Amino acid sequence: MEKRKDFASKMGMVLATAGSAVGLGNIWRFPVEAGNNGGAAFIIIYLLCVLTLGIPLIVAEFVVGRAAHTNTAQAYKRLTRNTFWQQTGRLGIITGWLIMGYYVVVSGWTLAYFLKALATPPTIAAHIAKQPGYWSDFFNELTSDALLPVLCVIAFALMSHFIIVRGVEKGIERFSKVMMPMLFILLIVLCICSFFTPGAKEGLTFLFRPDFSQVTFGTLLSALGQAFFSLSIGMGCLCTYASYFSRDTDLLGTALKVAGIDSLVAIMAGIIIFPAVFSVGIRPDAGASLVFIALPSVFQEAFGAFPWLAYAVSIMFYFLLLLATLTSLVSLHEVPTAFLAEDFHMKRRTATTIVTLSVIVIGTLCSLSMGPLADWKLFGKSIFDCLDWVSANVLLVVGGGLITFFVGWKMESKTLRDELTNYGNYPYHTRKWIIVLLRWFVPFVIFLIFLSGIGVL
Ligand code: TRP
């Protein structure tokens, strides 16, 4: 087996982990969930979930990963003899595979939109912006097409393939170090632009003025599922990344940085998207298509007098989405790749190829489920919707509950303490609260919300 390589620098490590967290979850899924669940009230609940449940869980995954120093399936084997807990790692790998299957489809759309933005010269774009239904037709045609989205799926899966094949340091770390700062700059530029759109006032009010009358247990479950999805929790992704951390990485500090960056990007995405949604007059609960229907014409509206600026900004936006998506897909790809390479003693290249091919197959099915295979239903939903709901609201939540229970109650407490304090380098009493949360608060709250959300309680 090839030698295991770690992240080479602290900065690279934080950026790669933040790169995993920041993705379609923040820019595409977060506004959709916030729109469906009443806006500001959802956001407050979401942020509470991140603070009280998300951060301890990130730490929990980091602890397992770094203590075991191997992929997520092996990790539990190294830390416990109990076969039930050993399966937790495998559940995560299956979850990751499923998420990747539909994630790559939406990733493919971002690629299609990026190319479309490039290929639409400013004069034509200005003309299009005057046609009300243009972008919803474009979106519906794109997603229900049999060929183009599948080609985009293949292209995206291959991009992620070539980064993963290069390994952790030369592939993931180097790529994230360039891409993440670029992403922040683009986000800031776009937030500023958003203040100039006609729907700015309405959009920002929707985003920041809470209305708790719409909050139900379903909302809580959605906020929890969204927090897990966005922070990459619940399937061993962070556990796998942490297995590449060095011994002197501060796990709590890194968790706080990653959660902070991720939440900031989600809020910024809201600031970019809701003014756009109100500007073009669609409803904020329009569903999976917000980013793809409301946004394209908004740049023209905001910069009507400067068509070239509008052209540049829309290209930038889709490029940003593409980057954020790619760093996340790479992190999802790494989990089964590390598992196959280490558990089955495969070359990294072979393991990556197997994962890429399988993702292309699931991705193609998901993509076709919006067009030619629209009649194939699972639990009354299309394959795509079903995978999204089951993975975020069920599998990640169950996985997260199991991980925290394992770390809080089943793992040797000395290992937990050592990992949390970096072998005594940080005082234990300042970190003990994490253990208290992990034992008493997180697992029970997660299971309560889960049972109520799916209607059992
Ligand atoms: N967090 C990513 C996003 O917001 C998606 C993602 C990457 C993910 N790795 C994950 C989701 C692991 C769940 C689990 O787009």
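Computed from a predicted model, the values in this text were never measured in an experiment. (Residues numbered from 1 in each chain as written. Predicted model: local features only at pLDDT ≥ 70, side-chain atom pairs only at ≥ 80, totals over all residues. Heavy atoms only, no water.)

Peer 1: How should the overall build of the protein chain be read in this particular structure?
Peer 2: A count of helices and strands for the protein chain gives 20 helices and two strands. Principal axes of the C-alpha set define a box for the protein chain whose edges measure 65 × 50 × 45 Å. Long-range contacts, defined here as pairs at least 24 residues apart, represent 82% of the contacts in the protein chain between residues at least 6 apart. In the structure as shown, the protein chain presents an accessible area of about 17700 Å², 67% of it carried by carbon and sulfur atoms. (Helix = DSSP H or I, 4+ residues; strand = E, 2+ residues; numbered from the N terminus. Contact = heavy atoms within 4.5 Å. Areas by Shrake-Rupley, 256 points an atom, 1.4 Å probe, with all protein chains shown as cover.)

Peer 1: Please explain the layout of surface pockets as it appears in this structure.
Peer 2: To locate leftover empty space, one rolls a probe as large as a water molecule over the atoms. Taken as a whole, the second largest pocket encloses approximately 260 Å³ of empty space. Taken together, 13 residues make up the lining of the second largest pocket; nearest its centre are Arg 29, Val 32, Glu 33, Asp 385 and Asp 388. For the lining of the second largest pocket, the secondary structure elements donating two or more residues are helix 2 (24-36) and helix 18 (383-410). Residue contributions to the lining of the second largest pocket peak at five residues, all from helix 18. Split by residue class, the lining of the second largest pocket holds five nonpolar, three polar and five charged. (1 Å grid on protein atoms, 1.4 Å probe; cavity = no way out; pocket = protein on both sides within 12 Å on 5 of 7 lines; lining within 4 Å. Points joined across faces, edges and corners; volume = space filled by probe spheres on them. Nonpolar A, V, L, I, M, F, W, Y, C, P; charged D, E, K, R; others polar.)

Peer 1: Hey, could you run me through the site of the ligand in this one?
Peer 2: As a matter of local geometry, the ligand sits amid 17 residues, with Ala 21, Gly 25, Tyr 103, Phe 229 and Ser 232 nearest to it. A distance of 2.8 Å is found between an oxygen atom of the ligand and a backbone nitrogen or oxygen belonging to Ala 21. Contacts to the ligand include Ser 331, whose side-chain N or O atom sits 3.3 Å from a nitrogen atom. Put simply, the parts of the chain that give the shell around the ligand at least two residues each are helix 1 (10-21), helix 2, helix 5 (83-119), helix 11 (217-231) and helix 16 (307-343). Split into classes, the residues belonging to the shell around the ligand amount to nine nonpolar, eight polar and no charged. (Near = heavy atom within 4 Å. Polar contact = N/O pair within 3.5 Å; in protein donor to acceptor, adjacent residues only side chain to side chain.)

Peer 1: What should I look at first to understand the packing of helix 15 (residues 295-302) against helix 16 in this one?
Peer 2: Packed helices, taken two at a time, are described by the angle their axes make and the gap between the axes. With their axes 8 Å apart at the nearest point, helix 15 and helix 16 run at an angle of 150° to one another. By the angle between their directions, the pair helix 15 and helix 16 is classed as roughly antiparallel. In this structure, helix 15 crosses over helix 16, and the sense of that crossing is right-handed. Counting all contacts with helix 15, which are made through Leu 295, Pro 296, Phe 299 and Gln 300, the residues of helix 16 involved are Ala 310, Tyr 311, Val 313, Ser 314, Phe 317 and Tyr 318. (Axes fitted to C-alpha atoms, helices over the stretch in contact; angles between N-to-C directions. Parallel < 35°, antiparallel > 145°, perpendicular 65-115°, else oblique. Left-handed = near helix turned anticlockwise from the far one by under 90°.)

Peer 1: Even after reading the chapter, I still don't get helix 20 (residues 432-453), so can you show me in this structure?
Peer 2: For an α-helix the count is 3.6 residues per turn, leaving residues at separations of three or four pointing the same way. In this model helix 20 runs 30 Å from its N-terminal to its C-terminal C-alpha over 22 residues, within 8% of the 32 Å that 1.5 Å per residue would give. Taken together, the buried positions of helix 20 are Ile 434, Ile 435, Leu 437, Leu 438, Val 442, Pro 443, Ile 446, Ile 449, Phe 450 and Ser 452. Its buried side turned inward, helix 20 meets helix 3 (40-68), helix 11, helix 13 (251-279), helix 18 and helix 19 (413-421). Looking one or two residues beyond helix 20, the residue adopting positive phi is Gly 455, at roughly 90°. (Expected span 1.5 Å × (residues − 1). Buried < 20%, exposed > 50% of the residue type's maximum accessible area, 1.4 Å probe, protein only.)

Peer 1: Would you mind going over the nonpolar core with me for this structure?
Peer 2: The tendency in soluble globular proteins is for nonpolar side chains to be buried as a group. Membership of the largest hydrophobic core comes to 163 residues, with the highest contact counts inside it found for Leu 295, Phe 317 and Val 407. For this core, the element with the highest residue contribution is helix 16, accounting for 20 residues. Setting aside its immediate chain neighbours within four residues, Val 407 contacts Ala 60, Val 64, Leu 416 and Leu 438. (Core = buried A, V, L, I, M, F, W, Y, C linked by side-chain atoms within 4.5 Å.)

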